Amino acid sequence: MTQPPPIEQLRALTYAPEQISDSRLKAGRSGTMRAAFVVLARNSELHALRATVRQLEDQFNRRHGYAYVFLNNEPFTEEFKHAMEWATSGDCHFGLVPPEHWEIPPWVDRVRARWARAAMADRVPYGGSSSYRKMCRFYSGFFFRHPLLKDLDYYWRIEPGVEYTCAIPYDPFVYMHQHSLKYSFTITLREYPETVPKLWTTTNAFRAAFPEHVAPENTLHWLQANGSYNMCHFWSNFEIGSLDFFRSREYQAYFDFLDRTGGFFYERWGDAPVHTLAATMLLNRSQIHYFGDIGYFHAPFQNCPSGPLNAAHCFCNANRSMLLHPDSCTRAWLDL
C-alpha cells in the first residue's frame, strides 16, 4: 500500500480528535477566571518542564487549580502526559500544532531563508535555526487560534526550565480582569539589532497604512531613540495576556502585515519584539502592566522584588534583578 506524503501524514495526525483535544480532567476546584497556563514544549523537555510546573504549583496554582494547555508540533508521549498530569493541580490539555501554523508558509523563498540562516548562524543566538523561527512565528500569530484556547479569556505563558522565585498570594488573572489590563510582563531587555533590521520600518509602514488601528494613548515613544527602534522589548517567555487582544482585528491585521513580508524567516523576528511593538502600538499605557512583585528567573536574567516582599515571599537576590541591569528598559517604562 502506497504511503501518503509526509506532510499529508502530519495533517492526518494533526486533526485526529485525540491529538487536538486529549484532555486529562480532574475533580476539584478550577480557577476563578476563564484562563490557563500555555506552554509550547518538546517531549525531550519533560524533566525541565516538570520542575517548572512543580514550582509554579507550590508558589501559586495549588491554591487555584487553573488548567494547563500543552502544545507541540509533534505528538506528546504518554510518559510526558502522565508526568504533567501528576505534577499539576488543574486539568491538562494536550494539543498538536497544525502544520500550517508551524511550517514555512508558501510565499517565503526557502533559498533566501536558508541563506539568511547561514549568514546569521554565528552572529546571534539561534541565528541559524529554522525551528526557532517557526516557534517565534507561531507565538506571534497562531497560539491564540488553537482550539484548546477557544473558550479562554486569559493565558499565562510558561517555559520549560524557568523558575518562580516568590510566592504569589493573589490571582494575577483576576488582577488583569479587575484593572482592564490586556498585556503584562516581568522583564525588559534589548534585542540583538541583527535580528530585526526591518521590523521597525515594517511597523511604521503598517501604521501609515492603518492609522485607525493605533491606540490614542500608545507608548511607541518608549521604543524610540533618534527616530529608530531602541531594541527594548518585553521578554515574552513570561507574559500574562488577554486573548481578546490577540484575537482582535487590529492585532491580526498587524501580524498578517508582518507575516507577508517573510521577516520571520529572512531575518529572525522574535515574538518578544513583535508582541512589544503590537502592545505599545495598539494598546493604551493603562492596559499594560509590570508585575514587579512576581519573582521570575529565565537564565540568565531574573525579576526579583526587593524589601519586605522579598523577605516574606521570595528566595531570589534582589540585587541581581534585571531591573538594575543597564540593558533593562523597565525603569523608563515606569516613568511613562
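Residues numbered from 1 in each chain as written. Predicted model: local features only at pLDDT ≥ 70, side-chain atom pairs only at ≥ 80, totals over all residues. Heavy atoms only, no water.

Regarding the overall build of the protein
Part 1 of the reasoning: Helix and strand counts for the protein stand at 14 helices and 15 strands.
Part 2 of the reasoning: A compact globule built from 336 residues would reach a C-alpha radius of gyration of about 20 Å, and the protein, at 20 Å, matches this within 12%.
Part 3 of the reasoning: Based on the C-alpha atoms only, the size of the protein along its principal axes is roughly 60 × 55 × 40 Å.
Part 4 of the reasoning: Within the protein, the proportion of its 336 residues that are buried is 56%.
Part 5 of the reasoning: Total accessible area on the protein stands at roughly 14700 Å², and carbon and sulfur atoms take up 52% of it.
Part 6 of the reasoning: Looking at charge distribution, the protein has the averaged site of its 33 positive side-chain charges lying 2 Å from that of its 34 negative ones. (Helix = DSSP H or I, 4+ residues; strand = E, 2+ residues; numbered from the N terminus. Rg over C-alpha atoms; globule rule 2.2 N^0.38 Å. Buried < 20%, exposed > 50% of the residue type's maximum accessible area, 1.4 Å probe, protein only. Areas by Shrake-Rupley, 256 points an atom, 1.4 Å probe, with all protein chains shown as cover. Lys, Arg positive; Asp, Glu negative; His and termini not counted. Charge placed at Lys NZ, Arg CZ, Asp CG, Glu CD.)

So, helix α3 (residues 46-59)
Part 1 of the reasoning: Over its 14 residues, α3 extends 20 Å from the first C-alpha to the last, a length consistent with the 20 Å expected when each residue adds 1.5 Å.
Part 2 of the reasoning: Next to the buried residues of α3 lie β2 (35-40), β3 (67-72), α4 (78-87), β5 (154-157) and β6 (163-164). (Expected span 1.5 Å × (residues − 1). Contact = heavy atoms within 4.5 Å.)

What about the packing of aromatic side chains?
Part 1 of the reasoning: According to the stated counting rule, one finds 50 aromatic pairs in the structure shown.
Part 2 of the reasoning: Ring geometry for Phe206 against Phe257: centres 5.6 Å apart, planes inclined by 70°, an arrangement best described as edge-to-face. You can see Phe206 sitting in helix α8 (residues 199-209) and its partner Phe257 sitting in helix α10 (residues 249-259), a full 51 residues away along the chain.
Part 3 of the reasoning: One cation-aromatic arrangement involves Arg112 over Tyr266; the distance from NZ or CZ to the ring centre is 3.7 Å. (Phe/Tyr/Trp six-rings, centres within 6.5 Å; stacked < 30°, edge-to-face > 60°. Lys NZ or Arg CZ within 6 Å of the ring centre and 35° of its normal.)

Some thoughts on the confidence of the model for the protein
Part 1 of the reasoning: Summing up the model confidence of the protein, the mean pLDDT is 93 and the portion of residues at 70 or higher is 93%.
Part 2 of the reasoning: In the predicted structure, residues 1-16 sits below a pLDDT of 50 and forms 19 contacts with residues beyond four places in sequence or in another chain. (pLDDT = per-residue confidence, 0-100.)

Notes on the sheet that holds β6
Sheet strands pair via backbone hydrogen bonds, and the direction of the pair is either parallel or antiparallel.
Part 1 of the reasoning: Ordered by their spatial adjacency, three strands build an open sheet running β6-β14-β15, and the pairing between neighbours is antiparallel. Two strands lie at the open edges of the sheet, namely β6 and β15 (301-303), each paired on one side alone.
Part 2 of the reasoning: Note that β6 and strand β14 (residues 296-298) share two bridges and pair antiparallel. Looking across to β14, one finds that Tyr164 is bridged to Tyr296. (Pairing = 2+ DSSP bridges.)

Concerning the side chain of His213
Part 1 of the reasoning: By secondary structure assignment, the location of His213 is in the loop between α8 and β9 (224-225).
Part 2 of the reasoning: If near-sequence neighbours (up to four positions away) are discounted, His213 is found in contact with Phe206, Arg249, Glu250, Ala253, Met281 and Leu282.

Side note on the pattern of salt bridges
Part 1 of the reasoning: Tallied over the entire structure, the rule returns 15 salt bridges.
Part 2 of the reasoning: Between Arg24 and Asp22 there is a salt bridge, and its shortest N-O distance comes to 3.4 Å.
Part 3 of the reasoning: Overall, the relative accessible area of 13% leaves Arg24 in the buried class.
Part 4 of the reasoning: Relative accessible area serves as the criterion here: at 14%, Asp22 is assigned to the buried category.
Part 5 of the reasoning: A salt bridge links Glu45 to Arg42, with the shortest nitrogen-to-oxygen separation between them at 3.8 Å.
Part 6 of the reasoning: Accessibility expressed as a relative area gives 23% for Glu45, which makes it partly exposed. (Salt bridge = Lys/Arg side-chain N within 4 Å of Asp/Glu carboxyl O.)

A few points about the pairing of β5
Part 1 of the reasoning: Of the two faces of β5, the one lined by Tyr154 and Trp156 and the one lined by Tyr155 and Arg157 are each fully buried.
Part 2 of the reasoning: Where β2 lies against β5, four bridges are found, and the strand directions are parallel. The partner of Ala35 across the bridge, within β5, is Tyr154.
Part 3 of the reasoning: The sheet contact formed by β5 and strand β12 (residues 239-242) spans four bridges and is antiparallel. Looking at the pairing, Arg157 lines up with Glu239 of β12.

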